[in-house]
Amino acid sequence: TTYTNSPYQTQNTLVSFFGRMNYTFDEAYLLTFTVRRDGSSRFSPDNRWGTFPSAAFAWKLNEMSFLKNSNTISELKLRVGYGITGQQDIGQNYAYLPRYTASLDNAQYQLGNTFYTTLRAEGYDANIKWEQTATSNAGIDFAFKKARLSGSIDYYYKNTTNLLNVIPVAVGTNLTNQLLTNVGSMENQGVELALNYNPIHTDKFDWNVAFNATYNVNKITKLTNNNDPSYQGVLVGGIAGGVGSTIQIHSVGYPAYSFYVLQQAYDANGKPIEGVYVDRNGDGIINVDDQYRYKNPAPKVFLGFNSQMTYDNWSFGFVLRGNIGNYVYNNVKSSNGAYINFQGSNGYIANLSPSVFDSQFAKNQFFSDYYMENASFLRMENITLGYTFKKFLGNKVNMRLNATAQNVFTITKYTGLNPEVAGGIDNNVYPVPRTYSLGLNIGF
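Residues numbered from 1 in each chain as written. Predicted model: local features only at pLDDT ≥ 70, side-chain atom pairs only at ≥ 80, totals over all residues. Heavy atoms only, no water.

Trainee: Any chance you could explain unusual backbone geometry here in plain terms?
Mentor: Negative phi values dominate among residues other than glycine, just as trans dominates among peptide bonds. One non-glycine residue with positive phi stands out, namely Arg148, at about 50°. By relative accessible area, which is 35% here, Arg148 ends up partly exposed. Despite not being glycine, Lys295 shows a phi value in the positive range, around 60°. Here Lys295 lies in the loop between strand 20 (292–294) and strand 21 (301–311). What makes Lys295 partly exposed here is its relative accessible area of 38%. (Buried < 20%, exposed > 50% of the residue type's maximum accessible area, 1.4 Å probe, protein only. Helix = DSSP H or I, 4+ residues; strand = E, 2+ residues; numbered from the N terminus.)

What follows is the structure in structure tokens.
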């Protein structure tokens with residue numbers, strides 16, 4: 001029996017407990033222990049609960065006798081830590097339960113003159129459980145008195161296991177072609193630097209600057225339960241224009257969401273040759289076996305810089321932010337950058353991407369690395385200028401006037417609307433607006 005207009009309700013519940021203990025000895029040795037106990041209804045009762053501990057140790061060298069009276073160093077601290085966190089945000093509330101989907105009216109099974117509704121078994125993993133990330137880190141905090149300089153340097157290593165991933169299912173299993181399960185592992189490691197500097201500090205003028213930088217390397221270390229050298233990976237990253245086509249892949253030994261493209265061939269003048277690609281495996285045939293992993297959307301370097309200045313009643317500040325090494329697949333150009341798109345599906349003239357004047361492509365070349373662009377950028381996030389009226393109306397009123405501009409400018413070689421594209425596939429992302437605002441705060 002099938003039901004129409006049946007009520008539908010979904011729910012998930014997350015319950016968490018945590019405890020922390022801090023211990024300080026001789027003002028120089030610091031210990032911290034934390035433990036979390038999390039339960040998620042998205043997993044079966046056997047795997048519902050996860051325990052995630054962490055511990056950290058710090059040694060304040062500036063409290064030791066050989067540095068305590070130093071006129072140069074005000075803080076010098078060594079830190080090490082280790083902890084495990086859990087991930088249950090899988091987007092499916094009943095991934096561990098068997099589920100069935102009724103066939104549509106146009107896909108019923110015929111016996112004689114009668115058409116019967118069939119039930120298709122959905123893929124599920126009854127033993128699906130928490131994804132876990134174990135993080136180790138070591139760092140140093142420092143501060144100098146006379147130089148008014150402070151900062152920190154950290155090294156971290158993150159190893160994610162029981163990775164929650166959607167994988168293809170073998171043909172003939174009578175299930176859908178994809179399954180959400182725990183498979184694989186991934187690692188991230190890098191270095192973080194943070195600096196704070198106060199170059200000028202007087203009664204009237206104060207200036208502070210801060211800089212931070214992160215270098216990160218991402219790599220997938222496992223994707224299948226059994227080691228299969230011939231397994232290319234999980235195809236991801238659907239694109240517009242090429243129905244059912246993907247442009248990214250998860251592969252062992254490469255960063256997550258690596259772009260999976262064909263290497264474009266060029267003529268003597270540097271112009272792309274339509275439909276001609278490099279035969280990377282040398283078999284004389286250009287096909288999917290010639291696709292290669294080229295770059296990924298994640299930046300290798302994250303940068304940040306901000307400055308705050310106050311002079312008498314005036315204040316001025318700005319924030320700069322940048323990424324280096326992130327790449328974007330320009331799906332706007334690949335979808336609309338061919339002359340075949342001049343006439344739309346409805347028979348009317350359609351807009352083309354101006355890139356067609358450079359490529360001269362007659363047909364779409366969706367898998368060409370010609371559409372891969374370096375999207376590194378430096379963005380002036382915001383600028384703020386303010387003035388405080390300290391003695392307004394005989395000290396009866398406090399008033400401050402400020403003006404702010406957001407998304408002031410962006411320096412990048414990327415030719416699309418925004419170089420910062422989540423997932424690395426640009427198919428008409430909404431542009432980031434430039435905003436100007438004027439504010440007045442009054443206190444009586």
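Trainee: Teacher, can you tell me more about the nonpolar core here?
Mentor: Core analysis: the largest hydrophobic core is formed by 13 residues, its most contacted members being Ile239, Ile247, Phe259, Val261, Tyr329, Met372 and Ile425. Of all the secondary structure elements, the ones that give two or more residues to this core are strand 17 (258–261) and strand 23 (327–330). Not counting the four nearest positions on each side in its chain, Val261 is found in contact with Ile247, Asp290, Gln291, Tyr292, Tyr294, Phe367, Ser368, Asp369 and Met372. Of all hydrophobic cores here, the second largest spans 9 residues; its members include Phe43, Phe52, Tyr96 and Trp130. (Core = buried A, V, L, I, M, F, W, Y, C linked by side-chain atoms within 4.5 Å. Contact = heavy atoms within 4.5 Å.)

Trainee: Looking at this structure, how should I read the pairing of strand 22 (residues 314–324)?
Mentor: Along any regular strand, the residues point their side chains to alternate faces of the sheet. Here strand 21 pairs with strand 22 via 11 bridges, running antiparallel. Paired with Phe302 across the bridge in strand 22 is Asn323. Taken together, strand 21 and the strand that follows it, strand 22, pair antiparallel across an intervening segment of 2 residues, in which Asp312 is found at a positive phi of about 55°. Sheet analysis places strand 22 next to strand 25 (residues 377–392), joined by 10 bridges and oriented antiparallel. By the bridge assignment, Ser315 is partnered in strand 25 with Gly386. (Pairing = 2+ DSSP bridges.)

Trainee: Looking at this structure, how should I read the sheet that holds strand 24 (residues 372–374)?
Mentor: For sheets, the rule is that strands pair by backbone hydrogen bonds, running either parallel or antiparallel. Read from one edge to the other, the open sheet built from 3 strands follows the order 24-23-27, with strand pairing classed as mixed. Only two strands of the sheet have a single partner each, and these edge strands are strand 24 and strand 27 (425–426). Bridge analysis of strand 23 against strand 27 gives 2 bridges, and the strand direction is parallel. Looking across to strand 27, one finds that Asn330 is bridged to Asp426.

Trainee: What exactly am I supposed to notice about the pairing of strand 2 (residues 29–40) here?
Mentor: With 12 bridges connecting them, strand 1 (residues 14–25) and strand 2 associate as antiparallel partners. Residue pairing for strand 2: Ser16 is matched across the bridge by Asp38. The loop that links strand 1 with its antiparallel partner strand 2 comprises 3 residues; one of these, Asp26, has a positive phi angle of about 60°. As judged from the 11 bridges shared by strand 2 and strand 3 (residues 49–60), these two strands associate in the antiparallel manner. By the bridge assignment for strand 3, Leu31 is matched with Phe57.

Trainee: Hey, could you run me through a nonpolar patch on the surface in this one?
Mentor: Judged by side-chain polarity, Met21, Tyr23, Phe25, Leu31, Phe33, Phe57 and Val80 come together as a nonpolar surface patch covering roughly 640 Å² of accessible area. By secondary structure assignment, the location of Phe57 is in strand 3. For Phe57, a relative accessible area of 33% translates into the label partly exposed. (Patch = residues over 30% accessible without salt bridge, like charges linked within 9 Å, V, L, I, M, F, W, Y side chains within 5 Å. Areas by Shrake-Rupley, 256 points an atom, 1.4 Å probe, with all protein chains shown as cover. Salt bridge = Lys/Arg side-chain N within 4 Å of Asp/Glu carboxyl O.)

Trainee: What am I meant to see in the sheet that holds strand 17 here?
Mentor: The 4 strands are arranged 15-16-17-20 in an open sheet whose pairing can be described as antiparallel. The strands lining the two open edges of the sheet, one partner per strand, are strand 15 (234–238) and strand 20. On average, each strand axis in the sheet is tilted by 45° relative to the strand beside it, whichever way the strands run. Of the strand pairs in this sheet, strand 15 and strand 16 (residues 246–250) are connected by 4 bridges, and their pairing is antiparallel. Opposite Val234, over in strand 16, you have His250 as the bridge partner. (Axes fitted to C-alpha atoms, helices over the stretch in contact; angles between N-to-C directions.)

Trainee: Explain the environment of Gly83 here, please?
Mentor: As for its position among the elements, Gly83 is in strand 4 (residues 73–87). A residue is classified by how much of its surface remains accessible, and Gly83, at 12% relative accessible area, is buried. Beyond its immediate sequence surroundings of up to four residues, Gly83 is in contact with Pro53, Ser54, Thr133, Ala134 and Thr135.

Trainee: It is not clear to me how the packing of aromatic side chains should be interpreted in this structure. Could you clarify?
Mentor: For any two aromatic rings, the description comes down to two numbers: the centre-to-centre distance and the angle of the planes. Per the counting criterion, the structure on display carries 16 aromatic pairs. Both rings, one in Phe305 and one in Phe318, keep their centres 5.9 Å apart while their planes meet at 40°; by these two values the pair is tilted. Of this pair, Phe305 sits in strand 21 while Phe318 is found in strand 22, placing the two residues 13 residues apart along the sequence. Plain terms: the ring middles of Phe361 and Tyr371 are 6.4 Å apart, the flat faces sit at 65° to each other, and that makes the pair edge-to-face. A residue pair is termed long-range when its members are at least 10 positions apart, and Phe361 in the loop between helix 2 (356–359) and strand 24 and Tyr371 in the loop between helix 2 and strand 24 qualify at 10 residues. For the pair Phe361 and Tyr371, one class covers both residues: buried. Feature note: the residues Phe25, Tyr29 and Trp59 constitute an aromatic cluster, connected by ring pairs. (Phe/Tyr/Trp six-rings, centres within 6.5 Å; stacked < 30°, edge-to-face > 60°.)

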